Amino acid sequence: RKFSWMGFTFYQAEADSLVIGPVLGAPPLSFLMEILAAGNIREVLALGWAGATRLSQSIPQIFLPLKALSFEGVSKLLSLKTSFFYPDSQLLNSLKRNLKTNCIFYEEGAILSTDFPPFFEELARRKIFSVEFPEIKAIDMETSALFSLSRHFGIQSCAIHFFIDKL
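Residues numbered from 1 in each chain as written. Predicted model: local features only at pLDDT ≥ 70, side-chain atom pairs only at ≥ 80, totals over all residues. Heavy atoms only, no water.

Participant: Any chance you could break down the packing of aromatic side chains for me, citing the residues and the numbers?
Facilitator: Tallying each qualifying case throughout the model produces 8 aromatic pairs. Both rings, one in Phe71 and one in Phe120, keep their centres 5.2 Å apart while their planes meet at 70 degrees; by these two values the pair is edge-to-face. Taken together, the residues Phe71 in strand β5 (residues 61-71) and Phe120 in helix α4 (residues 117-125) connect sequence positions 49 residues apart. Given a relative accessible area of 39%, Phe71 falls into the partly exposed group. Ring plane angle 70 degrees and centroid distance 5.9 Å describe the contact between Phe120 and Phe133, whose orientation is recorded as edge-to-face. You can see Phe120 sitting in helix α4 and its partner Phe133 sitting in the loop between α5 (129-132) and β8 (136-140), a full 13 residues away along the chain. Phe120 gets classed as buried once you look at its relative accessible area, which sits at 2%. Each residue in the set Phe71, Phe119, Phe120, Phe129 and Phe133 is aromatic and connected to the rest through ring pairs, giving one cluster. (Phe/Tyr/Trp six-rings, centres within 6.5 Å; stacked < 30°, edge-to-face > 60°. Helix = DSSP H or I, 4+ residues; strand = E, 2+ residues; numbered from the N terminus. Buried < 20%, exposed > 50% of the residue type's maximum accessible area, 1.4 Å probe, protein only.)

Dropping the structure here:
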(Lines give C-alpha, C1' and ligand atoms only; values in the text may rest on other atoms or scores of the structure.)
Protein backbone atom coordinates (compact mmCIF):
# COMPACT_ATOMS: atom_id res chain seq x y z
CA ARG A 1 0.00 0.00 0.00
CA LYS A 2 1.21 3.48 -0.71
CA PHE A 3 0.13 7.09 -0.69
CA SER A 4 1.81 10.44 -1.32
CA TRP A 5 1.78 13.61 0.72
CA MET A 6 3.90 16.78 0.46
CA GLY A 7 6.23 15.18 -2.08
CA PHE A 8 6.89 12.10 0.06
CA THR A 9 5.67 8.66 -0.89
CA PHE A 10 4.74 6.39 2.01
CA TYR A 11 4.91 2.61 1.52
CA GLN A 12 3.79 0.14 4.15
CA ALA A 13 6.52 -2.48 3.94
CA GLU A 14 5.24 -4.69 6.76
CA ALA A 15 2.60 -4.34 9.45
CA ASP A 16 5.01 -2.44 11.71
CA SER A 17 7.22 -0.59 9.23
CA LEU A 18 7.06 2.15 6.63
CA VAL A 19 9.31 3.20 3.80
CA ILE A 20 9.16 6.93 3.08
CA GLY A 21 10.90 8.93 0.42
CA PRO A 22 12.50 10.51 -1.29
CA VAL A 23 13.87 13.11 1.09
CA LEU A 24 16.20 15.62 -0.51
CA GLY A 25 17.74 18.08 1.92
CA ALA A 26 17.44 18.98 5.59
CA PRO A 27 14.35 21.26 5.45
CA PRO A 28 11.98 18.60 4.04
CA LEU A 29 13.44 16.10 6.51
CA SER A 30 12.48 18.41 9.38
CA PHE A 31 8.83 18.28 8.30
CA LEU A 32 8.96 14.51 7.97
CA MET A 33 10.60 13.99 11.37
CA GLU A 34 7.97 16.17 13.04
CA ILE A 35 5.25 14.04 11.43
CA LEU A 36 6.97 10.82 12.55
CA ALA A 37 7.31 12.13 16.11
CA ALA A 38 3.62 13.10 16.16
CA GLY A 39 2.83 9.57 14.94
CA ASN A 40 4.82 8.13 17.86
CA ILE A 41 7.47 6.59 15.60
CA ARG A 42 10.46 5.74 17.78
CA GLU A 43 13.03 4.24 15.35
CA VAL A 44 14.23 5.44 11.95
CA LEU A 45 16.66 3.75 9.59
CA ALA A 46 17.51 6.22 6.84
CA LEU A 47 18.58 4.90 3.45
CA GLY A 48 20.34 7.47 1.33
CA TRP A 49 23.10 8.33 -1.06
CA ALA A 50 26.36 10.20 -0.58
CA GLY A 51 29.45 11.28 -2.42
CA ALA A 52 32.78 9.70 -1.48
CA THR A 53 35.59 12.09 -0.60
CA ARG A 54 38.52 9.78 -1.24
CA LEU A 55 39.55 8.37 -4.60
CA SER A 56 40.42 4.99 -3.05
CA GLN A 57 36.77 4.34 -2.19
CA SER A 58 35.00 2.20 -4.76
CA ILE A 59 31.61 3.02 -6.22
CA PRO A 60 29.01 1.73 -5.57
CA GLN A 61 29.67 0.93 -1.94
CA ILE A 62 27.75 0.96 1.34
CA PHE A 63 28.69 3.63 3.87
CA LEU A 64 27.65 3.89 7.55
CA PRO A 65 27.99 7.34 9.11
CA LEU A 66 29.40 7.17 12.64
CA LYS A 67 29.04 10.94 13.04
CA ALA A 68 27.87 13.84 10.93
CA LEU A 69 29.48 17.26 10.66
CA SER A 70 26.82 19.90 10.11
CA PHE A 71 27.15 22.58 7.46
CA GLU A 72 23.36 22.80 7.07
CA GLY A 73 20.88 25.06 8.80
CA VAL A 74 18.46 22.71 10.59
CA SER A 75 21.05 21.21 12.95
CA LYS A 76 22.53 24.60 13.74
CA LEU A 77 19.09 25.84 14.82
CA LEU A 78 18.70 22.90 17.19
CA SER A 79 22.16 23.07 18.75
CA LEU A 80 24.65 25.90 18.72
CA LYS A 81 26.92 23.94 21.08
CA THR A 82 28.20 21.33 18.63
CA SER A 83 28.82 20.78 14.95
CA PHE A 84 28.87 16.97 15.17
CA PHE A 85 25.78 14.79 15.55
CA TYR A 86 25.61 11.04 16.13
CA PRO A 87 23.40 8.06 15.30
CA ASP A 88 21.79 5.95 17.97
CA SER A 89 24.50 3.50 19.07
CA GLN A 90 22.14 0.54 19.60
CA LEU A 91 20.59 0.85 16.13
CA LEU A 92 24.00 1.38 14.54
CA ASN A 93 25.50 -1.68 16.26
CA SER A 94 22.50 -3.79 15.24
CA LEU A 95 22.88 -2.63 11.64
CA LYS A 96 26.60 -3.46 11.68
CA ARG A 97 25.89 -6.95 13.06
CA ASN A 98 23.29 -7.57 10.34
CA LEU A 99 25.65 -6.46 7.58
CA LYS A 100 28.50 -8.59 8.94
CA THR A 101 26.23 -11.62 9.43
CA ASN A 102 25.19 -11.35 5.78
CA CYS A 103 28.81 -10.82 4.65
CA ILE A 104 28.06 -7.36 3.27
CA PHE A 105 31.13 -5.14 3.09
CA TYR A 106 30.76 -1.52 4.13
CA GLU A 107 32.82 1.58 4.84
CA GLU A 108 32.22 3.63 7.98
CA GLY A 109 33.28 7.05 9.22
CA ALA A 110 32.38 10.71 9.35
CA ILE A 111 30.04 12.41 6.89
CA LEU A 112 29.65 16.12 6.16
CA SER A 113 26.10 17.37 5.54
CA THR A 114 25.56 20.62 3.67
CA ASP A 115 22.77 22.58 2.01
CA PHE A 116 25.16 23.57 -0.79
CA PRO A 117 27.41 20.70 -2.01
CA PRO A 118 28.97 22.69 -4.91
CA PHE A 119 30.91 24.79 -2.35
CA PHE A 120 32.69 21.66 -1.08
CA GLU A 121 33.11 20.30 -4.62
CA GLU A 122 35.05 23.48 -5.41
CA LEU A 123 37.21 22.95 -2.31
CA ALA A 124 37.94 19.42 -3.55
CA ARG A 125 38.84 20.68 -7.04
CA ARG A 126 41.29 23.13 -5.47
CA LYS A 127 42.75 20.29 -3.30
CA ILE A 128 41.66 22.07 -0.11
CA PHE A 129 38.88 19.74 1.08
CA SER A 130 41.10 16.84 2.20
CA VAL A 131 43.37 19.26 4.09
CA GLU A 132 40.55 21.09 5.88
CA PHE A 133 38.41 17.98 6.56
CA PRO A 134 40.78 14.98 6.71
CA GLU A 135 38.42 12.70 8.67
CA ILE A 136 35.41 13.19 6.36
CA LYS A 137 34.77 10.19 4.12
CA ALA A 138 31.42 11.26 2.62
CA ILE A 139 29.24 14.25 1.89
CA ASP A 140 25.44 14.52 1.71
CA MET A 141 22.61 16.93 2.49
CA GLU A 142 20.61 15.26 5.27
CA THR A 143 22.49 13.08 7.76
CA SER A 144 23.40 15.71 10.36
CA ALA A 145 19.79 16.94 10.28
CA LEU A 146 18.54 13.36 10.74
CA PHE A 147 20.71 12.85 13.81
CA SER A 148 19.99 16.26 15.36
CA LEU A 149 16.23 16.06 14.67
CA SER A 150 16.15 12.54 16.07
CA ARG A 151 17.72 13.73 19.29
CA HIS A 152 15.33 16.70 19.39
CA PHE A 153 12.22 14.52 18.94
CA GLY A 154 13.40 11.54 21.03
CA ILE A 155 13.64 9.19 18.05
CA GLN A 156 16.40 6.60 17.68
CA SER A 157 18.00 6.78 14.24
CA CYS A 158 20.91 5.64 12.17
CA ALA A 159 21.68 5.80 8.46
CA ILE A 160 23.03 3.65 5.69
CA HIS A 161 24.17 5.33 2.49
CA PHE A 162 25.34 4.24 -0.92
CA PHE A 163 28.30 6.03 -2.45
CA ILE A 164 27.04 7.10 -5.86
CA ASP A 165 29.85 9.43 -6.94
CA LYS A 166 33.13 10.96 -5.83
CA LEU A 167 33.61 14.51 -4.64
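After that view, the rundown keeps rolling.
Participant: If you had to explain a nonpolar patch on the surface to someone new, which residues and values would you point to?
Facilitator: On the surface, a cluster of nonpolar side chains totalling about 460 Å² of accessible area is made up of Phe3, Trp5, Met6 and Phe31. If you trace the backbone, Trp5 turns up in strand β1 (residues 2-5). (Patch = residues over 30% accessible without salt bridge, like charges linked within 9 Å, V, L, I, M, F, W, Y side chains within 5 Å. Areas by Shrake-Rupley, 256 points an atom, 1.4 Å probe, with all protein chains shown as cover. Salt bridge = Lys/Arg side-chain N within 4 Å of Asp/Glu carboxyl O.)

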